[in-house]
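A look at the structure
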Amino acid sequence: MIREFGSKYLTSYREQFQGEIGRTFKESKPWWPELPSSHDGKTPNVVVILFDDTGFSHLGCYGSNINTENIDALASNGLRYSNFHTTALCSPTRASLLTGRNHHAVGMRGLANYDPGFPNMRGAVSKNAATLGEILQESGYATFAVGKWHLNPVEEASAAGPFDDWPLQRGFDRYYGFLGGATDQFYPELTYDNHHVYPPTTPENGYHLTEDLIDQSITFINDQKSIYPKQPFFLYMGLSATHSPHQAPKSYIDKYKGQFDAGWDHVRDEWFAKQLELGIVPADTELAPRNPGVDSWSNLSENAQKLALKLQESFAGFLDHTDDQIGRLVDYLSSSGELDNTIFLVLSDNGASQEGGAQGVSDEGRFNHPLLDNLDTIDSILEEIGSPVSSPNYPWGWAQAGNTPLKWYKSTTHAGGVRDPLIIHWPAGIKAVGEIRDQFTHVTDIVPTILNLLSLDAPESYKGIPQIPVTGESFAYTFEDRDIATERGPQYFEMFGHRAIWAENWKAVSRHRKNDTYSDDDWELYNLNEDFSECNNLSNERPEKLRELIDIWWIEAGKNDVLPLDDRSFQLLAPSRRPGAIHENLRYRYVPPLSRLTQDTSPPMGMGEWTLCADIERDQEDQDGVIFARGKRTSGLSLFIQDNFLAFDYNAFRQITKIRSDIQCPTGRFEIIIQMTGSGIGGTGEVSFVVNGEPVGGGVIPLLIRNPGGAGGNATSIGIDALSPVTDSYEAPFSFTGKIHKMEVEIQPYATGSRLVSKDFDDIYATNL
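For clarity, every value in this text was computed on a predicted model and none was experimentally measured. (Residues numbered from 1 in each chain as written. Predicted model: local features only at pLDDT ≥ 70, side-chain atom pairs only at ≥ 80, totals over all residues. Heavy atoms only, no water.)

Right, let's talk about the packing of helix 2 (residues 69-76) against helix 8 (residues 302-335) for a bit. Two numbers describe how helix 2 lies on helix 8: the axes approach to 7 Å, and their chain directions differ by 55°. Classed by the angle they form, the pair helix 2 and helix 8 counts as oblique. Residues Glu69, Asn70, Ile71 and Leu74 of helix 2 lie in contact with helix 8, whose contacting residues are Asp323, Asp324, Ile326, Gly327 and Val330. Of the residues contributing to the contact of helix 2 with helix 8, the split by class is four nonpolar, two polar and three charged. (Axes fitted to C-alpha atoms, helices over the stretch in contact; angles between N-to-C directions. Helix = DSSP H or I, 4+ residues; strand = E, 2+ residues; numbered from the N terminus. Parallel < 35°, antiparallel > 145°, perpendicular 65-115°, else oblique. Contact = heavy atoms within 4.5 Å. Nonpolar A, V, L, I, M, F, W, Y, C, P; charged D, E, K, R; others polar.)

What follows is the structure in structure tokens.
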């Protein structure tokens with residue numbers, strides 16, 4: 001009885017062996033599972049390169065004068081799509097790109113930074129929506145993700161995980177890149193597979209993130225193809241380019257000196273003329289007027305023009321440099337014999353970004369206060385823009401030029417936010433080359449198109465989890481017939497309360513003002529067959545058509561979990577205070593050695609008054625170094641011991657306040673307390689030092705900033721300042737040579753509330769975005 005039960009038990013769980021088992025191997029017949037059918041040496045590879053914040057006209061083959069010769073070569077041997085659309089924002093587009101579903105339906109209404117407590121915004125892609133990596137991995141592909149991820153809750157990005165939504169847990173065999181939404185191009189916060197790493201070298205030795213990402217991509221592919229040459233691969237590359245900060249090697253920026261001196265009005269006219277010549281826009285297209293807040297170039301002061309030009313030159317150099325790196329990847333694939341049978345896509349996640357404001361900024365954090373650069377002294381910083389000591393973003397005028405001929409920007413549902421470049425190159429599978437396709441396509445269509453080309457189906461269940469139906473539709477039918485009609489149903493859009501619906505080449509769209517009642521939103525109506533750039537509003541002439549489309553929007557919203565509508569954006573960047581979250585009580589305890597803390601897992605020291613207590617030990621007086629550091633060269637804070645004195649440097653956009661203790665630090669084991677009090681963001685602060693219970697000095701901080709460190713490259717480190725140093729008082733990494741036994745940090749939100757942006761910024765954002 002026991003033997004019978006055991007035999008049945010083992011039979012039900014062992015491998016489904018199809019050979020024969022005898023008493024010995026000589027009496028047995030071996031059998032091996034067949035390799036996946038994809039391992040035939042003929043199945044196409046797949047490469048998806050996703051640009052960030054690159055507008056409709058930024059690529060040379062879409063109209064600009066920026067050198068993108070390698071991407072242009074892919075276009076000349078492939079197809080360009082002039083009617084391709086995204087979600088208007090980075091995380092949502094990525095969620096749709098990798099799943100083939102609408103972003104609300106998979107839990108990514110907005111940035112992965114948000115978790116307001118509703119199913120449509122969880123900061124991670126639903127497990128009910130397998131990613132393309134997961135599907136292809138199950139089909140025998142080697143799968144690699146490189147670059148920007150931004151699809152896991154940002155407070156789950158530390159070395160402690162959880163790792164459920166990191167790339168390796170969502171279908172990728174290997175990963176190298178950055179998990180957050182942005183990073184410094186010279187001092188990035190890198191993750192390799194499931195652990196954090198430092199860049200392999202420094203900018204002084206020629207380091208730049210884009211070059212590193214291409215190097216790692218080639219390494220991943222070469223490692224795989226050297227061992228399993230018949231196994232296809234899927235490479236998903238989320239570029240940091242051209243999201244701010246716009247940083248590039250100096251030679252690339254200098255290349256564009258004088259190229260844009262005529263100003264954004266003239267450049268936009270030139271790019272529009274080029275688009276008409278290329279046929280990327282219809283001959284009857286109207287150039288949209290300047291967006292509200294964009295001044296005529298001739299009305300700008302000389303110094304405002306100087307700043308704007310340098311910022312645009314930095315952007316152009318960044319894009320040009322990225323194109324050269326893509327060229328290296330293409331050359332590798334070509335030389336290894338893989339390019340012709342690689343389905344190669346290049347696209348952008350949304351329109352050009354408005355996050356630099358009307359003037360543009362040398363440090364992107366300035367716009368959030370707002371605290372703009374002083375134009376009277378702008379000459380003193382111009383040469384540094386785009387370098388490792390800057391964190392720049394260009395102004396609205398250049399952003400709209402990047403969206404030529406369209407209006408509005410990233411984050412909006414007008415064409416400037418959602419119409420983007422898409423190039424498909426596949427010599428082995430697409431015979432028509434150098435042509436333009438104008439059928440309506442959407443980012444949710446990418447997955448079903450790739451699956452269609454590979455003769456694969458999206459699973460109804462993945463690892464036992466039932467799957468949401470794929471809502472996108474394959475557009476492979478467009479490859480060989482440029483004139484075929486669009487074969488697609490309606491597509492809704494929603495971002496921060498801005499709404500739109502496309503159906504049969506009509507579009508209804510509304511631009512929502514933050515905090516206004518949604519019923520007060522004005523809907524516009526456009527016939528895209530005659531109005532590519534959405535300039536001729538037909539809402540008064542065709543009210544019945546507008547009503548029809550609005551009704552369709554509500555139907556699609558109901559199908560895709562769009563509700564509740566939520567126009568909050570930056571307000572949701574506050575640390576989550578939900579029960580059990582790492583910021584639940586704003587108290588933190590660390591015991592070194594400790595891996596670096598990412599921005600969103602760090603104590604939010606810009607949101608309130610704070611106290612830091614460190615239990616340290618020094619055997620001798622010359623033991624010094626960093627105790628706690630957060631930020632980078634453009635902003636941040638650092639507590640350290642130097643020349644036997646306790647020191648605190650506070651960097652507010654490179655205006656560094658340096659405070660030193662009145663007396664020298666003792667040797668042996670002792671306790672340091674530093675306390676920061678103040679009136680709030682934009683006000684002044686006061687720092688006090690206490691050592692072993694005795695006050696030992698302090699000082700005044702003239703300007704408190706919202707987020708010391710800014711976006712990207714601002715890891716918090718204990719006992720070291722390893723990336724971009726916060727201050728010029730020392731050279732990185734300035735590791736502490738004593739011992740830090742433990743550290744505690746406690747934050748008290750400002751009495752006026754934990755505003756993460758100033759009211760002025762809220763007003764600017766509501767009015768212009």
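Moving on from the coordinates now.
Here we take up the pattern of salt bridges. For the structure on display, the rule yields 37 salt bridges. For aspartate 53, the salt bridge goes to lysine 410, with nearest N and O atoms at 3.2 Å. Residue aspartate 53 is found in the loop between strand 1 (45-51) and helix 2, and its partner lysine 410 is found in the loop between helix 9 (396-402) and helix 10 (415-418); the two are separated by 357 residues along the sequence. For the pair aspartate 53 and lysine 410, a shared accessibility class is recorded, and that class is buried. The shortest N-O distance in the salt bridge between arginine 542 and glutamate 544 comes to 2.6 Å. Residue arginine 542 is classed as partly exposed on the basis of its relative accessible area, which comes to 31%. Residue glutamate 544 is classed as partly exposed on the basis of its relative accessible area, which comes to 46%. What you see here is one network of salt bridges that share partners, running through Asp52, Arg94, Lys148 and Asp349. (Salt bridge = Lys/Arg side-chain N within 4 Å of Asp/Glu carboxyl O. Buried < 20%, exposed > 50% of the residue type's maximum accessible area, 1.4 Å probe, protein only.)

On to the side chain of serine 661, then. For serine 661, the location among the structural elements is in strand 23 (residues 655-664). Engagement of the side chain of serine 661 in a polar contact is seen with the backbone oxygen of isoleucine 663, the distance being 2.7 Å. If we ignore the near neighbours within four places in the chain, the residues touching serine 661 are Phe645, Leu646, Phe689 and Val696. (Polar contact = N/O pair within 3.5 Å; in protein donor to acceptor, adjacent residues only side chain to side chain.)

It is worth stressing that arrangement in space is one thing and function is another; only the former is reported here.
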